[in-house]
Amino acid sequence: MTGLEKMEQPHLPPFIDMRQTNCEHGYHQIFLCRTMSLPLDSDLLRTFLAVAETGNLTRAADAVRRTQSAVSMQIKKLEDLLGFPLFERHSRGVVLTAEGRRLVDNARRIVALLDDTAAALRQPALRGSVRIGISEEYINSTLPKALGAFAAIHPSVEVTVQQGHSMSNLTSLEAGEIDIAVVFEPGGRTRNEVLMVDPTVWSTSDQHATHERRPVPIATYTHYEGGWCDDLAMRSLKKRGIASRVAYVSRTSSGLIAAVVSGLAIAPMSRSAIPAGCRELTEDDGFGVIDMSNVVLRTKPDHRSPTIDAMADAIRRAFRGTE
């Protein structure tokens, strides 16, 4: 046998070739992935979600207003497209397979995005301006998603973004200098709208054992930042009997990230903001969560407009997609 010869492999997904080749050491199986785009339409995903959520084909058929046989055919079509089963059939219904569980979260996000987009496009295009104040942690992650979705629907709106810490953004909101503020609050009950709970944790570099040094070097905000994060962080170390010294002081989270990545110090930061090459210090490391911080959306009730409301909705959807 010479060259590559395609093997008969009926159970592989349609985008996988399994072939066999020979060399002086014998035959080897290799997999060749053909680049292709799977045609996953929203109807298939909606039916899949209905079955996943009800665990029963009959109830799912009622939910999507189809016959049970049509639902079965759609699930079979989706499984054929993906190349693996999504459900295990039992006498009392169906249960998601491991692959089905992997798909369900993505399917929910896709369907929600389609629904949100359809709803937004039914709205008239807006004009005017909107000013946003947001913490640095989300300036390069969640905010671009919100701005991209908003600009696609309302290209004539003038958007201004102010990057700043929570206290300065709240001050600007009260002064009427911005229209929307996305800020941190200490965890717990609040009257404000919570976009997500983003725990404050200790972060360290994967490449350095900085957290094992004693006293442990830490990077911290200045009290110009409002103080509560620093106070809670220091309290968490004292509670665990961990001796520390301040090795780096910064007014921004990017400064803290630089200190952690370089191995100069560990630092308190939002879990969602931990950069590549770094990790959270957990209870197993002798540390643990510092605080269950709330990320909240604030507007002034007496200063609202359709444009501000639309941008607030875009921000909500962007944060919902990160949970």
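Structure shown above.
About the cut-offs
- Residues numbered from 1 in each chain as written.
- Predicted model: local features only at pLDDT ≥ 70, side-chain atom pairs only at ≥ 80, totals over all residues.
- Heavy atoms only, no water.
- Helix = DSSP H or I, 4+ residues; strand = E, 2+ residues; numbered from the N terminus.
- Buried < 20%, exposed > 50% of the residue type's maximum accessible area, 1.4 Å probe, protein only.
- Contact = heavy atoms within 4.5 Å.
- Areas by Shrake-Rupley, 256 points an atom, 1.4 Å probe, with all protein chains shown as cover.
- Patch = residues over 30% accessible without salt bridge, like charges linked within 9 Å, V, L, I, M, F, W, Y side chains within 5 Å.
- Salt bridge = Lys/Arg side-chain N within 4 Å of Asp/Glu carboxyl O.
- Pairing = 2+ DSSP bridges.
- Axes fitted to C-alpha atoms, helices over the stretch in contact; angles between N-to-C directions.
- Core = buried A, V, L, I, M, F, W, Y, C linked by side-chain atoms within 4.5 Å.
- Parallel < 35°, antiparallel > 145°, perpendicular 65-115°, else oblique.
- Left-handed = near helix turned anticlockwise from the far one by under 90°.

Enquirer: How should the overall build of the chain be read in this particular structure?
Expert: Assigned secondary structure in the chain consists of nine helices and 16 strands. Per-residue burial for the chain yields a buried fraction of 41% across its 323 residues. Once local pairs closer than 6 in sequence are excluded, the contacts in the chain between residues at least 24 apart make up 69%. Of the roughly 17900 Å² of accessible surface on the chain, 52% is carried by carbon and sulfur atoms.

Enquirer: I would appreciate a short explanation of a nonpolar patch on the surface in the present structure.
Expert: Among the surface-exposed residues, Val194, Val197, Val289 and Met292 lie close enough to one another that they form a single nonpolar patch of about 290 Å² accessible area. Looking at the secondary structure, you find Met292 in the loop between β15 (289–291) and β16 (294–299). The partly exposed category is assigned to Met292, whose relative accessible area is 41%.

Enquirer: Help me understand the sheet that holds strand β8 (residues 180–185), please; the structure alone is not making it clear to me.
Expert: Paired through backbone hydrogen bonds, the strands of a sheet run either parallel or antiparallel to each other. Strand order in the open sheet made by the five strands is β7-β6-β8-β16-β9, with mixed pairing throughout. Across the chains shown, the open sheet's two edge strands, defined by having one partner strand only, are β7 (158–163) and β9 (193–197). Here the strands of the sheet are splayed against their neighbours by 20 degrees on average, with no regard to which way each runs. Direction of pairing for strand β6 (residues 129–134) relative to β7: parallel, over a ladder of six bridges. Bridged to Ser129 within β7 is Glu158.

Enquirer: Would you explain the nonpolar core in this entry?
Expert: Proteins that are soluble and globular tend to have nonpolar side chains buried together. Among the nonpolar cores identified, the biggest contains 25 residues, and Ile180, Val295, Met311, Ile315 and Phe319 are the most heavily contacted of them. Counting only elements with at least two residues in this core, the list comes to β6, α5 (142–153), β8, β9, β16 and α9 (306–320). Looking at this core element by element, the count peaks at eight residues for α9. If sequence neighbours within four positions are ignored, Phe319 has contacts with Tyr138, Thr142, Val182, Leu195, Met196 and Val295. With 21 residues, the next largest nonpolar core counts Leu45, Leu81, Leu86 and Val94 among its residues.

Enquirer: Is there a simple way to explain the packing of helix α1 (residues 42–54) against helix α2 (residues 57–64) in this structure?
Expert: Each packed pair of helices is defined by two parameters, the angle between the axes and the distance between the axes. With their axes 8 Å apart at the nearest point, α1 and α2 run at an angle of 135 degrees to one another. Between α1 and α2, the interaxial angle falls into the category oblique. Crossing of α1 against α2: the hand is right-handed. Of α2, the residues touching α1 (which contributes Arg46, Thr47, Ala50, Val51 and Thr54) are Leu57, Arg59, Ala60, Ala63 and Val64.

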